[in-house]
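# Coordinates in review
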Amino acid sequence: MFLCSSVITALCLVHFGGASNPHIVFILADDLGWGDVGYHGSSTINTPNIDRLAAAGVKLENYYVQPICTPTRSALLTGKYPIYTGTQEGVIQHTEPWGIDLNEKILPTYMKEKNYRRHIVGKWHLGFFQKEYTPVYRDFESFFGFYNSGSDYETHYSSIRRNGILYSGLDLHRDIESTATLAPDLTHIGTNDYSSEMYAEEARQIILNHDTTKPDEPLFLYFPMQSVHGPLQSSSGCESHFDGVINDPDRKTMAGMIKCMDDAVGVVEAALSAKNMLANSIIIFSSDNGGKARGQLSSNYPLRGEKGTLYEGAIRVPAFISSPLLTNPGVFNDLFHVTDWLPTLVALTGNSFPNTINGVNQWPRIQGIATNEARDTILLNYRSNQEGLIHKDNNGVWKIVKDDTNNSDDTWQVPPENDVNEDLCGIIHTKPSSPDDCRTKACLYKLSDDPCEYNDVRSNLLAKFGKLNRLLKEYKDGTNGVIVASRKQPAENVDANPDNFMYPPGAATQYPVWMPWK
């Protein structure tokens, strides 16, 4: 393993060619499939802004995340595997009273220590039942976005049904750290402002209003997009781009959502350029997990599975770094996990991070400074019905997986327009008519030969299976660290009901709002 040190950190900073820390913009797409970006072979759905940034930067082609929203966001901001933060068992539902432990030091706190200005635009999904769990109480200076998993793209209402009762309310907030104010944003009610465009404009304004006369106060903008999470809902302008191109109505809507998302990426890049910040900026793009192929009609093809599973279609996603500060652009094929962002970015700023986290500093390797790969193992997850691990050795990249996830597809879903690129799957395997049974027993895949998970080689390579099983067991039995019990809590329907929080107070016309209820 390659560990961060003060020497390597200094080397990293030398390559910036300047005294001031870089601006950092982290764009996190939601439920974007591997096959839904142009640079992965989609010719039907164009993503010119994403493709251009990826081409000029470093494409992370063996990049892994968690299979669903909350665990990935927790891993990103803490640098820890979900089993060490209690976020391994699922997402935070609207009325569930939990979040990331308040004792966990998260990424904006590290950035604050290096004088970064810290803003978040978009989706939080890491707890809001008490105000202390919301972004501006966790060292972000401002938050414009929504607390829950998703919302209507135009009304910005978020809903959940509990015990036959529909709980629904506005989930759009403008929170300010300096005044410790949590307040719903009512200015977009009735405007039908489409979320991708609304959040892109907010990000643009944050960039344009950043004070560049203070180089010792660079910008950290965390932009966790709503796109392309459900519901299936695009703007007419984006969807019409695919008239006569995609016939399936749902897939056409998804294509429109992806185009709007790509447009938002372009808005951010243009703002950095207009503000003369681009030359000293690092733009990171990642999805939080793979797409929902059934119903939502994202495309993870040719990878197997969908959001929620531990197959490659759920956990191997589009990601890249784009910056003029890169000295070694191209394709990065080392193993990279979402936990690696925290130590990588913290080291870039000249700050330090504890050795108790699971992420590793990837920057020296990305920049061509380090000769050894930063990691050889990734714990995919360990929970009641799902466990898996990836390990790289001299013979290739291997994966052990057992997944009995309900209501998720473990097959290979070809998008309706049949616009596919199967080059990724290699040349030695043919797609089977049905997937291996990895629900009742663990399977073994050699990802370096079989990234599309066509052929379980467990029975032929029992020694290799035993090795990966032992590595996984070291996480399961606590050898590699004390497992934190799941923080997930039962729903509290009555107190959390948005009908308890009507805004504006005392007005003749009021709106129910999702707010902290404890």
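Residues numbered from 1 in each chain as written. Predicted model: local features only at pLDDT ≥ 70, side-chain atom pairs only at ≥ 80, totals over all residues. Heavy atoms only, no water.

### Structural notes on the pairing of strand β16 (residues 396-403)
Regular strands show a simple pattern: their side chains alternate between the two faces of the sheet. Put simply, the test is: Each residue gets one of three labels from its accessible area relative to the maximum for its type: buried under 20%, exposed over 50%, partly exposed in between, using a 1.4 Å probe on protein chains only. Secondary structure elements follow DSSP: runs of H or I no shorter than four residues count as helices, runs of E no shorter than two count as strands, and numbering proceeds from the N terminus. DSSP calls a pair of strands paired once it identifies at least 2 bridges connecting them.
Here β16 lies mainly inside the structure; seven of its eight residues are buried. Hairpin connection, strand β15 (residues 386-393) to β16: the antiparallel pair is bridged by two residues. Where β16 lies against strand β17 (residues 443-446), four bridges are found, and the strand directions are antiparallel. Opposite Val401, over in β17, you have Cys443 as the bridge partner.

### Digging into the sheet that holds β17
Which entries qualify depends on this criterion: Convention adopted: a line fitted to C-alpha atoms gives each axis, helices being fitted over their contacting stretch, and angles between N-to-C directions are expressed from 0 to 180 degrees. Contacts are assigned to residue pairs with any non-hydrogen atoms lying within 4.5 Å of each other.
Reading across the sheet, the four strands line up as β14-β15-β16-β17 and stay open at both edges, with antiparallel pairing between neighbours. Each edge of the sheet is formed by a strand with only one pairing partner; in this case those strands are β14 (377-383) and β17. For this sheet the average axis-to-axis angle between neighbouring strands, irrespective of direction, equals 15°. Taken together, the eight bridges between β15 and β16 define a ladder with antiparallel strand orientation. Within β16, the position partnered with Lys392 by the bridge is Val397. Packed onto the sheet, helix α11 (residues 462-476) meets β14, β15, β16 and β17 and runs at close to 120° relative to β15.

### Brief notes about the domain arrangement of the protein
How big an interface is tends to be stated in terms of accessible area lost as the parts join. Inclusion rule: Domain borders in the structure are assigned automatically or taken from a domain database. In this description, buried area is defined as the sum, over both parts, of the accessible area (probe of 1.4 Å) that is lost when the two are combined. What makes a salt bridge here is a side-chain nitrogen of Lys or Arg within 4 Å of a carboxyl oxygen of Asp or Glu, nothing more. Two N or O atoms count as a polar contact when they lie within 3.5 Å, although within protein this holds only if one can serve as hydrogen donor and the other as acceptor, and sequence-adjacent residues are included solely when both atoms are side-chain atoms.
Partitioning the protein into structural domains gives domain 1 (23-375) and domain 2 (379-415 + 433-479). Once you take the C-alpha centre of each, domain 1 and domain 2 turn out to be 27 Å apart. Every contact between the two is made by 32 residues of domain 1 and, on the other side, 34 residues of domain 2. With both sides pooled, the region where domain 1 packs onto domain 2 buries about 2,800 Å², and carbon together with sulfur makes up 54% of that total. Looking at the side of domain 1 facing domain 2, the largest losses of area belong to Arg304, Leu310 and Tyr311, adding up to 26% of the total buried there. The tally of links between domain 1 and domain 2 comes to five salt bridges. For Asp409, the salt bridge identified is with Arg294, shortest N-O distance 3.9 Å. Between the two partners, domain 1 and domain 2, sit 16 residue pairs in polar contact (both at pLDDT 80 or more).

### Quick word on the side chain of His23
Here His23 lies in strand β1 (residues 23-29). You can call His23 buried: its relative accessible area is 10%. Among the polar contacts listed, one links the side chain of His23 to the backbone nitrogen of Leu219, at a separation of 3.1 Å. With near-sequence residues (within four places) excluded, His23 lies in contact with His210, Pro218, Leu219, Met277, Asn280, Ser281 and Ile282.

### Some points on the UniProt feature "domain: Sulfatase N-terminal" (unreviewed entry) in the protein
As a reminder, the rule being used: UniProt positions are given in the numbering used here, feature names are shortened, and annotations may be inferred rather than shown by experiment.
Mapped onto this structure's residue numbering, the UniProt feature "domain: Sulfatase N-terminal" (unreviewed entry) falls at residues 22-350. End C-alpha atoms of residues 22-350 are separated by 11 Å, and the span's content is 25% helix alongside 19% strand.

### Details of α11
Because each turn of an α-helix spans 3.6 residues, side chains separated by three or four positions end up pointing in the same direction. As a reminder, the rule being used: Helix span, as expected, comes to 1.5 Å for every residue beyond the first.
Compared with the 21 Å implied by 1.5 Å per residue over 15 residues, the 20 Å span of α11 between its first and last C-alpha is a close match. Taken together, the buried residues of α11 touch β14, β15, β16 and β17. Residue Gly478 follows α11 closely and has a positive phi angle near 90°.

### Details of the sheet that holds strand β11 (residues 319-322)
The sheet built from nine strands is open, its strands ordered β8-β5-β4-β9-β1-β10-β11-β2-β12 with mixed pairing. Edge strands, defined here as strands with exactly one partner in the open sheet, are β8 (173-176) and β12 (330-332). Put simply, the sheet's adjacent strands are angled 15° from each other on average, direction ignored. Where β1 meets strand β9 (residues 219-224), five bridges bridge the pair, whose relative direction is parallel. Bridged to Phe26 within β9 is Tyr222. Most of the contacts of helix α2 (residues 48-56) go to β11, to which it runs at about 65°, and overall it touches β2 (58-60), β10 (281-287) and β11. Lying over the sheet, helix α5 (residues 195-208) contacts β4 (117-123), β5 (142-146), β8 and β9, oriented at roughly 180° with respect to β9.

### What about the packing of α5 against helix α7 (residues 249-274)?
Cut-off, in case you're wondering: Angle categories: roughly parallel below 35 degrees, roughly antiparallel above 145, roughly perpendicular from 65 to 115, and oblique for all the rest. As a working rule, the residues Ala, Val, Leu, Ile, Met, Phe, Trp, Tyr, Cys and Pro are called nonpolar, Asp, Glu, Lys and Arg charged, and the rest polar, with Gly in that last group.
One can describe the packing of α5 onto α7 by two numbers: an axis separation of 9 Å at closest approach and a directional angle of 10°. By the angle between their directions, the pair α5 and α7 is classed as roughly parallel. Across the interface between the two elements, Ser196, Glu197, Ala200, Ala203, Arg204, Ile207 and Leu208 from α5 touch Cys260, Met261, Ala264, Val267, Val268, Ala271, Leu272 and Ala274 from α7. Looking at the contact of α5 with α7, its residues break down into twelve nonpolar, one polar and two charged.

### Some thoughts on the side chain of Asn358
As for its position among the elements, Asn358 is in the loop between α9 (341-348) and α10 (363-366). Side-chain polar atoms of Asn358 contact the backbone nitrogen of Tyr81, separated by 2.7 Å. Excluding anything up to four places from it in sequence, Asn358 contacts Gly79, Lys80, Tyr81, Tyr84, Thr339, Asp340 and Arg375.

### A short note on α5
Compared with an ideal rise of 1.5 Å per residue, which puts 14 residues at 20 Å, α5 spans 20 Å between its outermost C-alpha atoms and is within 8% of the ideal. Along α5, the residues that are buried comprise Ser195, Ser196, Met198, Tyr199, Ala200, Glu202, Ala203, Ile206 and Ile207. Looking at the packing, one finds that the buried side of α5 touches β4, β5, β8, β9 and α7.

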